[in-house]
Amino acid sequence: MHSQSFRALAVALALTCCATVHAQSQPADSAVVFGRDVINPRTGESSQALFVTDRWGISLAQVTSPRDGVRDAEASWSPGGTHLVFARYGGSPGSQLLVVDRQGERVSRLTSGQRDDHNPVWGPGSLIVFESAASDPEPDCLRVVDWQTRRQRELFCAVAEYNGARTDVQSPMWSADGNSVYVAASPPAGRLGEAWYGDVYRVDVATGSATRLAQTWLDEQSHGIIAPDGRTAVFHDEFSESGLIRLDVADGTRTSLGRGGTPVFSSDGRQLAFVRTITVGTWPDSLQLTQVFVADLDTGVQRQVTNHRDPTLRFSTLDWSAQGTHVLVQHWNEGDLHRQLAILDLATAEFWPLPQGEASDEAWFDR
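Residues numbered from 1 in each chain as written. Predicted model: local features only at pLDDT ≥ 70, side-chain atom pairs only at ≥ 80, totals over all residues. Heavy atoms only, no water.

Undergrad: Describe the overall build of the protein, and please don't skip the residues or the numbers.
TA: In terms of regular secondary structure, the protein is built from one helix and 29 strands. For the protein, the C-alpha radius of gyration of 20 Å lies close to 21 Å, the compact-globule estimate for 367 residues. Seen along its three principal axes, the alpha-carbon backbone of the protein occupies a region of about 55 × 50 × 40 Å. Put simply, the protein has 367 residues, and 51% of those count as buried. (Helix = DSSP H or I, 4+ residues; strand = E, 2+ residues; numbered from the N terminus. Rg over C-alpha atoms; globule rule 2.2 N^0.38 Å. Buried < 20%, exposed > 50% of the residue type's maximum accessible area, 1.4 Å probe, protein only.)

Undergrad: If you had to explain the packing of aromatic side chains to someone new, which residues and values would you point to?
TA: Summed over all chains, the structure comprises seven aromatic pairs. Summarising the aromatic geometry, the rings of Phe34 and Phe51 are spaced 5.9 Å apart at their centres and angled 15 degrees between planes, so their arrangement reads as stacked. In this pair, Phe34 sits in strand β1 (residues 30-39) while Phe51 sits in strand β2 (residues 46-54), placing the two residues 17 residues apart along the sequence. In this structure Phe34 comes out as buried when scored by relative accessible area, which is 1%. (Phe/Tyr/Trp six-rings, centres within 6.5 Å; stacked < 30°, edge-to-face > 60°.)

Undergrad: Could you give me a rundown of the sheet that holds strand β16 (residues 196-204), with the residues and numbers involved?
TA: Taken together, the four strands give an open sheet; going across it, the order is β14-β15-β16-β17, and neighbouring strands pair in antiparallel fashion. The two strands at the open ends of the sheet, each matched to only one other strand, are β14 (169-174) and β17 (210-218). Pairs of neighbouring strands in the sheet enclose a mean axial angle of 15 degrees, with direction left out of account. When strand β15 (residues 180-185) meets β16, the two strands line up antiparallel, connected through six bridges. Bridge pairing links Tyr182 to Arg202 in β16. (Pairing = 2+ DSSP bridges. Axes fitted to C-alpha atoms, helices over the stretch in contact; angles between N-to-C directions.)

Undergrad: Go over the pattern of salt bridges, please, and point to the residues and values.
TA: Under the criterion given, the structure shown has nine salt bridges. Note that Glu241 and Arg259 form a salt bridge whose closest N and O atoms lie 3.4 Å from each other. Residue Glu241 is found in the loop between β19 (232-236) and β20 (242-248), and its partner Arg259 is found in strand β21 (residues 254-265); the two are separated by 18 residues along the sequence. A residue is classified by how much of its surface remains accessible, and Arg259, at 40% relative accessible area, is partly exposed. (Salt bridge = Lys/Arg side-chain N within 4 Å of Asp/Glu carboxyl O.)

Undergrad: So what's going on with unusual backbone geometry? Which residues, and what values?
TA: Trp283 connects to Pro284 through a cis peptide bond whose omega is 10 degrees. Along the chain, Pro284 turns up in the loop between β22 (271-280) and β23 (287-296). Phi at Asn119 takes a positive value of approximately 50 degrees, unusual for a residue other than glycine. Mapping Asn119 onto the fold places it in strand β8 (residues 116-122).

Undergrad: Summarise the environment of Asp116; cite the residues concerned and give the values.
TA: If you trace the backbone, Asp116 turns up in strand β8. Separated by 16 residues in the primary sequence, Asp116 and Ser132 place their C-alpha atoms 5.4 Å from one another. In this view, Asp116 contacts Gly94, Ser95, Glu131, Ser132, Ala133, Ser135 and Asp136; residues no more than four positions away in its chain are not counted. (Contact = heavy atoms within 4.5 Å.)

Undergrad: Just give me the short version of the layout of surface pockets, but keep the residues and values in it.
TA: Considering only enclosed or pocket space, the second largest pocket measures out at about 310 Å³ in volume. As for the second largest pocket, its lining consists of 17 residues, of which Arg36, Asp37, Val38, His338 and Glu358 are closest to the centre. At the level of secondary structure, the elements contributing two or more residues to the lining of the second largest pocket comprise β1 and β2. Among the elements that line the lining of the second largest pocket, the one with the most residues is β1, at five residues. (1 Å grid on protein atoms, 1.4 Å probe; cavity = no way out; pocket = protein on both sides within 12 Å on 5 of 7 lines; lining within 4 Å. Points joined across faces, edges and corners; volume = space filled by probe spheres on them.)

Undergrad: So what's going on with the state of the cysteines? Which residues, and what values?
TA: Per the counting criterion, the structure on display carries one disulfide. The disulfide that involves Cys141 links it to Cys157, with 2.0 Å between the sulfurs. Judged by the sign of its S-S torsion, about 115 degrees, the bond between Cys141 and Cys157 is right-handed. Note that Cys141 is positioned in strand β10 (residues 141-146) and Cys157 in the loop between β11 (152-156) and β12 (158-159), a separation of 16 residues in sequence. (Disulfide = S-S within 2.5 Å.)

Undergrad: Can you break down the nonpolar core residue by residue, with the values?
TA: Core analysis: the biggest nonpolar cluster contains 24 residues, and Val33, Val52, Trp77, Leu84 and Leu328 have the highest contact counts within it. The residues touching Trp77, leaving out its near neighbours within four places in the chain, are Ala31, Val32, Val33, Val52, His83, Leu84, Arg102, Trp122, Glu362, Ala363, Trp364 and Phe365. (Core = buried A, V, L, I, M, F, W, Y, C linked by side-chain atoms within 4.5 Å.)

So this is what it looks like as structure tokens:
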């Protein structure tokens, strides 16, 4: 069995009893990339290196080397799953993008300088889009770099309508044909910040020409995510369970999905996984339980997938399998700094535990 802490394994087993695994139903090449803290025994300094595990958590390969004070994170797979692009924080001013092959044998730098380059997303070809700011706290604009030539350029900067000031771009998502990138923004509607907008843009990668496809109003500044087909966006609070606001890009229809956190679209854009804390029982014996939910965006039906009874257990939903049948999650107990990865079967609510670590929303290569 793959190594992991007894505590993490106990949590995984508490979530599901006797998980049944059918290897033949899974893709032959399915892998998850994640970050894990590494302590230098000589200096006592911590760092975060990237690791890759197979879908069953059996094989484990370290793909970047730990360096004191450096954190490698936000990895995104190349179209064929042979390489990873990731952001490196620490060790120099700003943050830079690097590329590493899946075996961790060759690491090369894509960007340099003092800019804050982060959240890279690999397109269908050799182009990679990413969020970039001249310096903190300058707003993020959208930039693109060619992995083969290392040439990069600025694509798009979102602005607030009322004063023309730049505002952060959010969650770039490539179109299926690789010609455009969808991106969200949440600019203030006025000087006092009493209201905010949720915007969805389509940016032509060749020209940088941007078209605003949809806009809605929001009660607070929010983080937007866009479905892979570009038809739907969801705006939410990135750090808490606030209201999930669905925006239909075609007609601008705004729909409340209720409270929730860490929403993530399935690859076909027809389902949304998220977490929600519910109250079970009556006071003074009631419990606050964080559970995983899935919304069918065609019918509007939401269903609770998990049904545990541990009030200290927390989840975040990260990514989907290509077939839309499993969700990559990480879970932890309240007050615990360590995260445990797992794959959740949506039909059976069973978990398959993966190694300990933290992943992002481009973590699962499963094509």
